[in-house]
Every structure is written in structure tokens, then in C-alpha cells.
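# Understanding the architecture of this molecule
Here is how the chains run, residue by residue.
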Amino acid sequence: MQKKERYQRVIDYFQKAMPIAETELDYGNPYELLVAVILSAQCTDKRVNQITPELFKRFPKPELMAEVEAAEVFEYIRSCSYPNNKAKHLVGMAKMLVNDFKGVVPDDITELQKLPGVGRKTANVIASVVYEKPAFAVDTHVFRVANRIGLTTNSKSPLQTERELMKYFPEEIVPLAHHWLILHGRYTCLARSPKCGKCGLTEVCKHYEKLQKSKQNE
């Protein structure tokens, strides 16, 4: 199967099976999403959603978070992974947002990456989800699923994966496709034990093809 055909089959499947796909992080504005995505690094969305209500209640605007020490933010996020570093990043991010961007979350990926705690993946999430730009955030789920299905070939890094996905997914559906792969990886194509029996992509999946050939050779 040619790569273009595989992509089209994947697109056709998700458009029917998952016509609505969006972030599972709870947020009310761009600043809140930025905070939530920073907290979500190596942490589940479920845990982040348990943390953020009180955090947003105390710091509804970046101006308020910019005024405090990291130690105060830490008390609100201590149950997430790496709370010390994330508390420092959040305060630093809030200060830069206020001082350099007048409190407005930028829509440019390069500008976003200047903020403490914001790498390319986080910047792409904000650009895609908030500003609906054709930016493909590659997390562990996207990296794994794209490789297993065969959407990427010998990709060694998130950036290589991002570039290959951007090459083949039409621009207008990139924001949606990003969530398709994340949610598929989160609930079906699990890291240790993928639920191939419940997957609708087995006919186009290279990983599944290898599994079947392995069973035949046993």
C-alpha cells in the first residue's frame, strides 16, 4: 500500500469514527490552556483537570501569577509530576506573558517557545487548538501511533514525525488529525497492549500486519 493511500484510509476512518476530536484538558481561555498544557507534560490530563480548578480560581489571569513566588504555585500543583520545575516555569511564563506580550498568549510558534516551560510540542498545541493553525503537536501517543500504523517511516524524533505528518495530512484537517492520533493512542493503540481487536485500522496498520505474519510463522 502506498503511503498516500494509507493516509487517505486513516482519514476516511477517523472522519466517520471520530468526527469530533478535541483536547481533554479543561480550560476557559488561551492562558488557562497554556497553563494546563505545561502541567500535562509527563502527567495525565485527568490529573491536570483535578489540579487546575483551584489553581485558576487563585490565578485567573497571568498578571496575578506573575506577582507570586513559585513556592505558592507549587502548593496548588504538588500532586502533578515535577511540581517544583513546573511551578518555576508557570511563574516565569506568566511574567514573560505580562512583560513581553501584554498578557496575551501569542499565536506564533517561535514566540510561544520563548516562554518558560514551553517547548515545540506545547507551542504546537496552543497554535493548533487556540488559533486553529496547521501545527501538529507530537507527544508520545502521536509518535507511537504514527509509527505503528505506518504513517511515518523510520522517524527517530518528534520533529521528524511532525514533518512527515504535515507533509501528508491536508492542512485544513491537521488540528483535527492531531487529536485523532492522541485519542487513538490513549484509548486503543496503547503502548504495552494495543487493543487491536477493537481497532478499525487493522487493515492499513503495519504493526498489525507484522503481528499476523509472526503468528503464521509460529
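Quick caveat, the model's predicted, so the values are computed rather than measured.

A few words now on the packing of aromatic side chains. With the rule as written, the count across this model stands at 6 aromatic pairs. Taking 4.9 Å as the distance between ring centres and 25° as the angle between the ring planes, the aromatic pair formed by Tyr 7 and Tyr 168 counts as stacked. Here Tyr 7 is found in helix α1 (residues 3-17), whereas its partner Tyr 168 is found in helix α10 (residues 158-168), with 161 residues between them in sequence. Judged by its relative accessible area of 2%, Tyr 7 falls in the buried class. Relative accessible area serves as the criterion here: at 25%, Tyr 168 is assigned to the partly exposed category. Taking 5.1 Å as the distance between ring centres and 65° as the angle between the ring planes, the aromatic pair formed by Tyr 13 and Phe 14 counts as edge-to-face.

Glancing now at the side chain of His 141. Within the secondary structure, His 141 is located in helix α9 (residues 140-149). Classification of His 141 as buried rests on a relative accessible area of 18%.

So, about the pattern of salt bridges. Tallied over the full model, the rule gives 11 salt bridges. Among the salt bridges present, the one from Lys 133 reaches Asp 107, with a minimum N-O distance of 3.9 Å. Here Lys 133 is found in the loop between α8 (120-129) and α9, whereas its partner Asp 107 is found in the loop between α6 (83-101) and α7 (109-112), with 26 residues between them in sequence. In this structure Lys 133 comes out as partly exposed when scored by relative accessible area, which is 32%. Between Glu 209 and Lys 213 there is a salt bridge whose closest N-O contact spans 3.3 Å. With Glu 209 and Lys 213 both in helix α12 (residues 206-216), this residue pair falls 4 residues apart, about one helical turn. Its relative accessible area of 39% is what places Glu 209 among the partly exposed residues. Salt bridges sharing common partners tie together Glu 5, Arg 9 and Glu 203.

Basis of the calculations
- Residues numbered from 1 in each chain as written.
- Predicted model: local features only at pLDDT ≥ 70, side-chain atom pairs only at ≥ 80, totals over all residues.
- Heavy atoms only, no water.
- Phe/Tyr/Trp six-rings, centres within 6.5 Å; stacked < 30°, edge-to-face > 60°.
- Helix = DSSP H or I, 4+ residues; strand = E, 2+ residues; numbered from the N terminus.
- Buried < 20%, exposed > 50% of the residue type's maximum accessible area, 1.4 Å probe, protein only.
- Salt bridge = Lys/Arg side-chain N within 4 Å of Asp/Glu carboxyl O.

Note that every value here comes from positions in space, so none of it alone points to a role or purpose.
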